[in-house]
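# Coordinate inspection notes
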Amino acid sequence: MTTRAARNALWFWVFVGPFAAGLVLFTYVPLGWSVYLSFFDAHNTVSPTEFVGLDNYAAMLRDDAFTDSLTTFLAFTAFIVPTTFALSLALALMVNRLRFAQAFFRSVFFLPAACSYVVAALVWKLSIFNGVRFGLANTVLGWFGAEQIAWLSTTDPPWYWLVIVTVRLWLQAGFYMILFLAGLQRIAPALYEAAAVDGARPGWQTFRHITFPQLRPTSIAVALLLVINAFQAFDEFYNLLSDSRGYPPYARPPLVYLYYTALGQGQNLGLGSAGAVILAAVVAVVTVFQARWFGLGSGKERH
């Protein structure tokens, strides 16, 4: 048994070891070094020598541009999370009811999830919401005699939010639809049969009292993932709104701001690292609060 156990352990590390080594080397080491840098004055270097304590954190929290970027992300999260949740759930319900070509429509809705955020953002920017008469959105508006809109540069009203939200919805909805589909297919048909015997009408009544409560674990997982992904948004913001003149300040999320702080003209890696730690703390607090609100792991879930 000892020899067999040793052999099993050897094969375990043969398969898991490369992944674990890569995870430590390319994820945990950079994260740890970033936290280390946040306590130093690190201009144009990743090997600082001057310890500044919490000065970088204080500077970031006093920086109006950084706090405004956090406000931008809170607004983005407050809108994109429930919208994506509702859309993906609706798609899952529709696909689950299909009696033919279900695999086809499942694949069609999921396909955008395999697309690069950069590519999708450029398609939205150059082809759909171009802001000139060649863009698809303005072409459609022209059919109805409406004026053209500079989608990405108009701040009153803020049309750029429509561009950012729609590209994120297109990219994400299919992935979360698959999660909801998996949850729907785990619901026992006997529950619906029992509800029909008790006089429950199909539709909203069945969804409210049977389907949605049974999807609670999936719903919690989807909500948590949506919040985390919303705070990590970078590619669509950066590629949609930036141009040769730089990046506009009116819709700058934290990751874009930290990108310019750490890798822009200032090359202040210590300040950027402090901002990254603050952002990670905000994400962790929001995630833990959300998990506690749902009763995740407490043994007494909220209903």
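It should be noted that the structure appears before, not after, this text.
Presented here is an overview of the structure given in this document. Predicted model, so just to flag it, every value in this text is computed and none were measured.

Parameters at a glance
The residue numbering used here restarts from 1 in each chain and proceeds along that chain's sequence as written. Side-chain atom pairs in this predicted model are given and counted only at pLDDT of 80 or more, local residue features only at pLDDT of at least 70, and totals for whole chains, interfaces and linings cover all residues. Each side-chain value is worked out from all heavy atoms of the structure, with water and hydrogens disregarded. Segments assigned H or I by DSSP are reported as helices when at least four residues long, segments assigned E as strands when at least two residues long, and all are numbered from the N terminus. Note on exposure labels: buried denotes an accessible area under 20% of the residue type's maximum, exposed denotes more than 50%, and partly exposed covers the range between, all computed with a 1.4 Å probe on protein chains only. Pairing of aromatic side chains here covers Phe, Tyr and the six-membered ring of Trp, requires ring centres within 6.5 Å, and sorts the geometry by plane angle: under 30 degrees stacked, over 60 edge-to-face, intermediate tilted. The patches reported here contain residues having more than 30% relative accessible area and no salt bridge. Joining distances are 9 Å for like charges and 5 Å for nonpolar side chains (Val, Leu, Ile, Met, Phe, Trp, Tyr). To measure how exposed things are, a 1.4 Å probe is used in the Shrake-Rupley method; for residues, cover is taken only from the protein chains shown. Note on definitions: salt bridges are taken to be side-chain nitrogens of Lys or Arg within 4 Å of carboxyl oxygens of Asp or Glu. Note on contacts: a residue pair is in contact if any heavy atoms of the two residues lie within 4.5 Å. To estimate how far a helix should extend, the number of its residues minus one is multiplied by 1.5 Å. Pairing of N or O atoms within 3.5 Å defines a polar contact, subject to two protein rules: one partner must be a possible hydrogen donor and the other a possible acceptor, and residues neighboring in sequence count only if both atoms are side-chain atoms. Residues grouped as a nonpolar core are buried Ala, Val, Leu, Ile, Met, Phe, Trp, Tyr and Cys residues, joined through side-chain atoms within 4.5 Å. Note on geometry: axes are C-alpha line fits, over the in-contact stretch for helices, and angles between N-to-C directions span 0 to 180 degrees. What makes a crossing left-handed is the near helix being turned counterclockwise from the far one by less than a right angle; a clockwise turn instead makes it right-handed. Gly is put with the polar residues, along with every residue not named as nonpolar or charged; the nonpolar set is Ala, Val, Leu, Ile, Met, Phe, Trp, Tyr, Cys and Pro, and the charged set is Asp, Glu, Lys and Arg. What sets the label is the angle itself: under 35 degrees gives roughly parallel, over 145 gives roughly antiparallel, 65 to 115 gives roughly perpendicular, and the rest give oblique.

Another aspect to go through is unusual backbone geometry. Positive phi, close to 55°, is recorded for Ala101, a residue that is not glycine. For Ala101, the position within the fold is in the loop between α3 (64–97) and α4 (102–110). Residue class for Ala101 comes out partly exposed when judged on its relative accessible area of 35%.

Taken as a whole and judged by the stated rule, the model has 24 aromatic pairs. With a centroid separation of 5.1 Å and an interplanar angle of 80°, the aromatic rings of Phe76 and Phe237 are classed as edge-to-face. One end of the pair, Phe76, is in helix α3; the other, Phe237, is in helix α11 (residues 235–241), with 161 residues separating them in the sequence. In this structure, Phe76 and Phe237 share a single accessibility class: buried. On the numbers, 5.4 Å between centres and 80° between planes, the contact of Trp151 with Trp159 is edge-to-face. By way of ring pairs, the aromatic residues Phe73, Phe76, Tyr160, Trp161, Phe231 and Phe237 are connected into one cluster.

Okay, a nonpolar patch on the surface next. The grouping of Phe19, Leu23, Val24, Tyr28, Val29 and Leu31 at the surface amounts to a nonpolar patch, some 580 Å² of accessible area in total. Here Leu31 lies in helix α1 (residues 2–37).

When you line up the elements, Thr218 lands in helix α10 (residues 216–231). Residue class for Thr218 comes out buried when judged on its relative accessible area of 19%. Other than its neighbours up to four places away in sequence, Thr218 contacts Leu179, Phe180 and Gly183.

Moving on, we come to the pattern of salt bridges. Tallying each qualifying case throughout the model produces one salt bridge. Glu236 is paired through a salt bridge with Arg168; the nearest N and O atoms lie 2.6 Å apart. Taken as a pair, Glu236 in helix α11 and Arg168 in helix α7 (residues 160–185) lie far apart in primary sequence, 68 residues in all.

Once that is clear, we can look at α3. Taking 1.5 Å as the rise per residue, α3 with 34 residues should run 50 Å; its terminal C-alpha atoms sit 50 Å apart, in good agreement. Here α3 starts with a cap whose side-chain oxygen sits 3.0 Å from the backbone nitrogen of Ala65, and that cap is Asp63.

Attention now moves to the nonpolar core. One recurring pattern in soluble globular proteins: nonpolar side chains tend to sit buried together. Among the nonpolar cores identified, the biggest contains 56 residues, and Met60, Phe76, Phe237, Leu240 and Leu241 are the most heavily contacted of them. Secondary-structure elements contributing two or more residues to this core are α2 (55–62), α3, α5 (117–128), α7, α10, α11, α12 (254–263) and α13 (269–294). Per element, the largest residue contribution to this core is 13 residues, and it comes from α7. In contact with Phe76, not counting residues within four places along its chain, are Trp161, Ile164, Arg168, Ala230, Ala233, Glu236 and Phe237.

The next point concerns the packing of α3 against α10. Two quantities define a packed helix pair, namely the angle between the axes and the distance from one axis to the other. Between α3 and α10, whose axes approach to 9 Å, the crossing angle comes to 145°. Relative to α10, α3 is oriented so that their crossing is right-handed. Mapping the contact onto sequence places Phe73, Leu74, Phe76, Thr77, Ile80, Val81, Thr84 and Phe85 in α3 and Ser219, Val222, Leu226, Val227, Ala230 and Phe231 in α10. Partitioning the contact of α3 with α10 into residue classes produces eleven nonpolar, three polar and no charged.

Quick look at the side chain of Asn56 now. Inspection of the secondary structure puts Asn56 in helix α2. When its relative accessible area of 8% is taken as the criterion, Asn56 is described as buried. Dropping the residues within four chain positions of it, Asn56 is found in contact with Leu37, Ser38, Phe39, Phe40, Gly270, Leu271 and Ala274.

A separate point is the packing of α3 against α12. It is the contact of α3 with α12, at a shortest axis distance of 8 Å, that shows an interaxial angle of 150°. Taken together, α3 and α12 sit at an angle that is classed as roughly antiparallel. Contacts between α3 and α12 pair Ala65, Phe66, Ser69, Leu70 and Phe73 from the former with Pro254, Tyr257 and Leu258 from the latter. Looking at the contact of α3 with α12, its residues break down into seven nonpolar, one polar and no charged.

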